[in-house]
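The chain contents come next:
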Amino acid sequence: TSILVNTTDVEVMRNPGTLFKSRPGTFAHCFVMTVSQAGVYILHGYGPRGYTLLQHMQSKSSKYPLSFDQAKEWVETFELYASDRRGIWTKEVNQAYRNCFDVDLVALGCMRIGSQLDAYTTVNSLEFNASIVRENFDLLPQKRSRRRNKT
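All values derive from a computational prediction rather than experimental measurement.

## Let's talk about the overall build of the protein
Here is step 1: Counting its regular elements, the protein contains 7 helices and 6 strands.
Here is step 2: Moving toward the C terminus, one meets the helices and strands of the protein in the order β-α-α-β-β-α-α-β-α-α-β-β-α.
Here is step 3: Residues classed as buried in the protein amount to 30% of the 151 residues present.

## Some words on helix 4 (residues 68-82)
Here is step 1: Helix length check: helix 4, at 15 residues, gives a terminal C-alpha distance of 20 Å against a target of 21 Å (1.5 Å per residue), a fit within 8%.
Here is step 2: Three or more residues of helix 4 are buried, namely Ala71, Trp74, Phe78, Tyr81 and Ala82. Buried residues of helix 4, viewed axially, fall in a sector of 75°; they line one side. Exposed side chains of helix 4 directed beyond 90 degrees from the buried face belong to Asp69, Glu73, Glu76 and Leu80.

## Let's talk about the pattern of salt bridges
Here is step 1: Under the counting rule described, the total for this entry stands at 1 salt bridge.
Here is step 2: The closest approach of N and O atoms between Asp104 and Arg98, which form a salt bridge, is 3.7 Å.

## Description of the pairing of strand 3 (residues 39-43)
Here is step 1: Examined bridge by bridge, strand 2 (residues 29-36) and strand 3 share 5 bridges and lie antiparallel to one another. Its bridge partner lying in strand 3, Val32 is registered against Leu43.
Here is step 2: Hairpin connection from strand 2 to strand 3: 2 residues lie between these consecutive antiparallel strands.

## Observations regarding the environment of Ser67
Here is step 1: With respect to the helices and strands, the residue Ser67 is situated in the loop between helix 3 (53-59) and helix 4.
Here is step 2: The class for Ser67 is partly exposed, based on a relative accessible area of 34%.

## Points about the packing of helix 4 against helix 5 (residues 91-101)
Here is step 1: Close contact between helix 4 and helix 5 brings their axes to 8 Å; oriented N to C, the two are set at 140°. Here helix 5 runs oblique to helix 4, going by the angle between their axes. Classified by chirality, the crossing of helix 5 by helix 4 is left-handed. Taken together, the residues of helix 5 that come into contact with helix 4 (itself represented by Trp74, Thr77, Phe78, Leu80 and Tyr81) are Val93, Ala96, Tyr97, Asn99, Cys100 and Phe101.
Here is step 2: Broken down by class, the residue content of the contact of helix 4 with helix 5 amounts to 9 nonpolar, 2 polar and no charged.

Cut-off values and rules
- Residues numbered from 1 in each chain as written.
- Predicted model: local features only at pLDDT ≥ 70, side-chain atom pairs only at ≥ 80, totals over all residues.
- Heavy atoms only, no water.
- Helix = DSSP H or I, 4+ residues; strand = E, 2+ residues; numbered from the N terminus.
- Buried < 20%, exposed > 50% of the residue type's maximum accessible area, 1.4 Å probe, protein only.
- Expected span 1.5 Å × (residues − 1).
- Arc of directions from axis to C-beta.
- Salt bridge = Lys/Arg side-chain N within 4 Å of Asp/Glu carboxyl O.
- Pairing = 2+ DSSP bridges.
- Axes fitted to C-alpha atoms, helices over the stretch in contact; angles between N-to-C directions.
- Parallel < 35°, antiparallel > 145°, perpendicular 65-115°, else oblique.
- Left-handed = near helix turned anticlockwise from the far one by under 90°.
- Contact = heavy atoms within 4.5 Å.
- Nonpolar A, V, L, I, M, F, W, Y, C, P; charged D, E, K, R; others polar.

Here it is, written out as structure tokens:
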């Protein structure tokens, strides 16, 4: 199963032109969590001042896969910031974000302690198996010389 999670910064949506006068950035983030017999993986990048998906995967190889219990703990930490409607960005919230995504938003200058925290999180899931994975790989662009003929 893959789970797509998107946390929106509601304040950015309400005040797109004026927000960055009151605070320098956003906490909005999107990631995919895969859950299988092999374990739980959390796939994401943080750009443009952070890391790419590939860099994250390479640097986290020892952390993943997470066990189911570790994944539940990760989700509890994620909820410290992602489920807070009309809250305040605190040191604890910043640390939870850092624990989840390896990004210190205060140190980067994207958030300030005391900034408004109004998060809206959506979750979508997709069940998959080996045949669905193969079918989706066939949808990816391929070089003409490597394209396989389907019968």
